[in-house]
Amino acid sequence: MRNNETATTIACLKQCEEVFAPAHAVLYMEEREGGLLYPRAAQPGEIPPHLPQDHAQVRDLAAQGYGAMLDLGLPEEYLSHPDLSAQADRCEELSPEECAQFLLFAFRLPLRYGQQGFFALWQRGVLQTAARRLRVHLEQEN
């Protein structure tokens, strides 16, 4: 992987690690009938000031993460849509390239009608794990 803006990517991944912690999911989503997850409006002051304050800001962070993953210059074989569920199930074993591939396509979910899948990955802690694993790799690489 190449990235001319590694520091920016690492900063984005750190922010994603914090925001997409499973404990924060309840601040942004709620489960409704049939187990479906929907954005929820937080009460004023409920969300700590250093976190996104609404669902639109969460989508903006996902878009930033998507752009950061594109900037990594992944090899061609990692630019096709993976089986996100299978990758999520073995997240602790993914290579750095697979983590970037997973995040690239996971960060697209809230931008392209995949909100349910994105919220489920968030709740499971998979977004946080993949972001942490990739960040650690990039920090060791530099």
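The structure reproduced in this document is the subject of the present report. Given the structure is predicted, the values throughout are model-derived calculations rather than measurements.

## Let's talk about the packing of helix 1 (residues 6-19) against helix 3 (residues 55-71)
Any two packed helices are characterised by how steeply their axes cross, that is the angle between the axes, and by the distance between the axes. Orientation of helix 1 relative to helix 3, taken along the N-to-C sense of each, is 140°, at an axis distance of 10 Å. Classed by the angle they form, the pair helix 1 and helix 3 counts as oblique. Between helix 1 and helix 3 lies a crossing whose hand is left-handed. Note on element contacts: helix 3 touches helix 1 through Leu-61, Gln-64, Gly-65, Ala-68 and Met-69, opposite Thr-9, Cys-12, Leu-13, Gln-15, Cys-16 and Val-19. Taken together, the residues of the contact of helix 1 with helix 3 break down into seven nonpolar, four polar and no charged.

## Side note on the packing of aromatic side chains
Under the criterion given, the structure shown has six aromatic pairs. Ring centres of Phe-20 and Phe-107 lie 6.1 Å apart, and the angle between their planes is 40°; this geometry places the pair in the tilted category. Taken together, the positions of Phe-20 in the loop between helix 1 and helix 2 (25-28) and Phe-107 in the loop between helix 5 (96-106) and helix 6 (115-124) put the pair 87 residues apart, joining distant regions of the chain. Note on Phe-20: relative accessible area 0%, which makes it buried. Taking 6.3 Å as the distance between ring centres and 55° as the angle between the ring planes, the aromatic pair formed by Phe-119 and Trp-122 counts as tilted. Taken together, the residues span about one helical turn, with Phe-119 and Trp-122 both in helix 6 at a distance of three residues. Just as Phe-119 is buried, Trp-122 falls in that class too. What links up through ring pairs into an aromatic cluster is the set Phe-20, Tyr-28, Phe-107, Phe-118, Phe-119 and Trp-122.

## Points about the side chain of Arg-135
Within the secondary structure, Arg-135 sits in helix 7 (residues 126-141). We classify Arg-135 as buried; its relative accessible area is 14%. At 2.3 Å, the side chain of Arg-135 and the side chain of Glu-17 are in polar contact.

Parameters at a glance
Residues numbered from 1 in each chain as written. Predicted model: local features only at pLDDT ≥ 70, side-chain atom pairs only at ≥ 80, totals over all residues. Heavy atoms only, no water. Axes fitted to C-alpha atoms, helices over the stretch in contact; angles between N-to-C directions. Helix = DSSP H or I, 4+ residues; strand = E, 2+ residues; numbered from the N terminus. Parallel < 35°, antiparallel > 145°, perpendicular 65-115°, else oblique. Left-handed = near helix turned anticlockwise from the far one by under 90°. Contact = heavy atoms within 4.5 Å. Nonpolar A, V, L, I, M, F, W, Y, C, P; charged D, E, K, R; others polar. Phe/Tyr/Trp six-rings, centres within 6.5 Å; stacked < 30°, edge-to-face > 60°. Buried < 20%, exposed > 50% of the residue type's maximum accessible area, 1.4 Å probe, protein only. Polar contact = N/O pair within 3.5 Å; in protein donor to acceptor, adjacent residues only side chain to side chain.

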